[in-house]
Amino acid sequence: MRHLLALLLILNVSLIKAGEPADLMRTVKTFKGTAPITAKVNLNSWSEKTLRKKPVVMHGSISIGVAQNGQGLQTFLESKSLEQTAKESQHPSNDPSTETPIRWLLKDLDYGRIHHLLDQEEILQGLLANSKFTEEKAGTWKGQVVRIFEFSYKPRLSPEESFRLHHSEGHLVLRANADGLPLHSEINETFEGKTSRMFGRYFGTKRTETSYRVISDHLIVSERTVEDYLSQEDGSIVTKTKQIYSVVAE
């Protein structure tokens, strides 16, 4: 315990003179993601949409094998998922009787999403470049001393979310080791507005928590939890979603 407190004191003293986190940016840029990588991507997804007090709940999980190399990104579905996909293709995509909605799950595991899960360098660079650095301090995470960077930014919203927008804000907390290697992050966003001058208030939040891991020259997502909440039409329509992604390198 004394050793940990001493490290925190040393780190706090060094951070007094710290300015913009240039070493954090430099470290993130070193992960080019050019080496071949194979992994399994798992998704556990849940959603609930309540329309005039009548909830519709969907839940499912899926695992996809992925390989990224000089030939690009390839994905592989397990045989049971292929069979389920074939069965679902015989029914409308909005069929509520489907027990394992593979097609619904695959919407959250497109090529762009998988690529980002395997290579966070581009995502973090863009987020940091478009955020305002507000504070750096020392702390602990999972028993180790870390540097904690805090940023504020304006969230990127969809046209539906930004129509007659009154207010929006985003906050990023990034935990890194002494060299600026990202270990963990938390992102919180809020937005609100009205669809008309008098009625139709909407309000939304989004929380993203991510743990990172280094595989060769890739900075990958080890685990990510995304929680969304959207209230529309003065609360008569409420949508809640939660996705948990995990990546296991092979």
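Before any of the text, the structure's been laid out above.
Small disclaimer: the values here were computed from a predicted structure and weren't measured.

1. A look at the layout of surface pockets
Considering only enclosed or pocket space, the largest pocket measures out at about 1600 Å³ in volume. Considering the residues around the largest pocket, the lining is formed by 44 residues, among which Arg 113, Glu 189, Lys 206, Val 226 and Asp 228 are closest to the centre. Contributing elements (two or more residues each) for the lining of the largest pocket: strand 1 (37-51), strand 2 (54-69), helix 5 (111-118), helix 6 (121-129), strand 7 (182-194), strand 8 (201-215), strand 9 (218-232) and strand 10 (237-249). Broken down by element, the residue count for the lining of the largest pocket peaks at 6 residues, all from strand 9. Tallied by class, residues from the lining of the largest pocket come to 18 nonpolar, 14 polar and 12 charged.

2. Considerations on the pattern of salt bridges
Opposite charge on two side chains permits them to pair, given that their charged atoms come into close proximity. Going through the model one piece at a time under the given rule, you end up with 7 salt bridges. Where Glu 192 meets Arg 201, a salt bridge forms, and the shortest distance between an N and an O atom there is 3.0 Å. Judged by its relative accessible area of 27%, Glu 192 is partly exposed. What makes Arg 201 partly exposed here is its relative accessible area of 40%. Among the ionic pairs, Arg 207 bridges to Glu 209, the shortest N-O distance being 3.0 Å. The class of Arg 207 is partly exposed, set by a relative accessible area of 27%.

3. Some thoughts on the sheet that holds strand 6 (residues 165-176)
Strand-to-strand pairing in sheets goes through backbone hydrogen bonds, with the strands running parallel or antiparallel. The 10 strands are arranged 3-2-1-10-9-8-7-6-5-4 in an open sheet whose pairing can be described as antiparallel. Every other strand in the sheet has two partners, leaving strand 3 (72-77) and strand 4 (132-141) as the edge strands with one partner each. Between one strand and the next, the sheet's axes are offset by a mean angle of 15°, whatever the strand orientation. Where strand 9 and strand 10 come together, 10 bridges link them in antiparallel fashion. Looking at strand 10, one finds that Gln 232 is bridged to Ile 237.

Analysis parameters
- Residues numbered from 1 in each chain as written.
- Predicted model: local features only at pLDDT ≥ 70, side-chain atom pairs only at ≥ 80, totals over all residues.
- Heavy atoms only, no water.
- 1 Å grid on protein atoms, 1.4 Å probe; cavity = no way out; pocket = protein on both sides within 12 Å on 5 of 7 lines; lining within 4 Å.
- Points joined across faces, edges and corners; volume = space filled by probe spheres on them.
- Helix = DSSP H or I, 4+ residues; strand = E, 2+ residues; numbered from the N terminus.
- Nonpolar A, V, L, I, M, F, W, Y, C, P; charged D, E, K, R; others polar.
- Salt bridge = Lys/Arg side-chain N within 4 Å of Asp/Glu carboxyl O.
- Buried < 20%, exposed > 50% of the residue type's maximum accessible area, 1.4 Å probe, protein only.
- Pairing = 2+ DSSP bridges.
- Axes fitted to C-alpha atoms, helices over the stretch in contact; angles between N-to-C directions.

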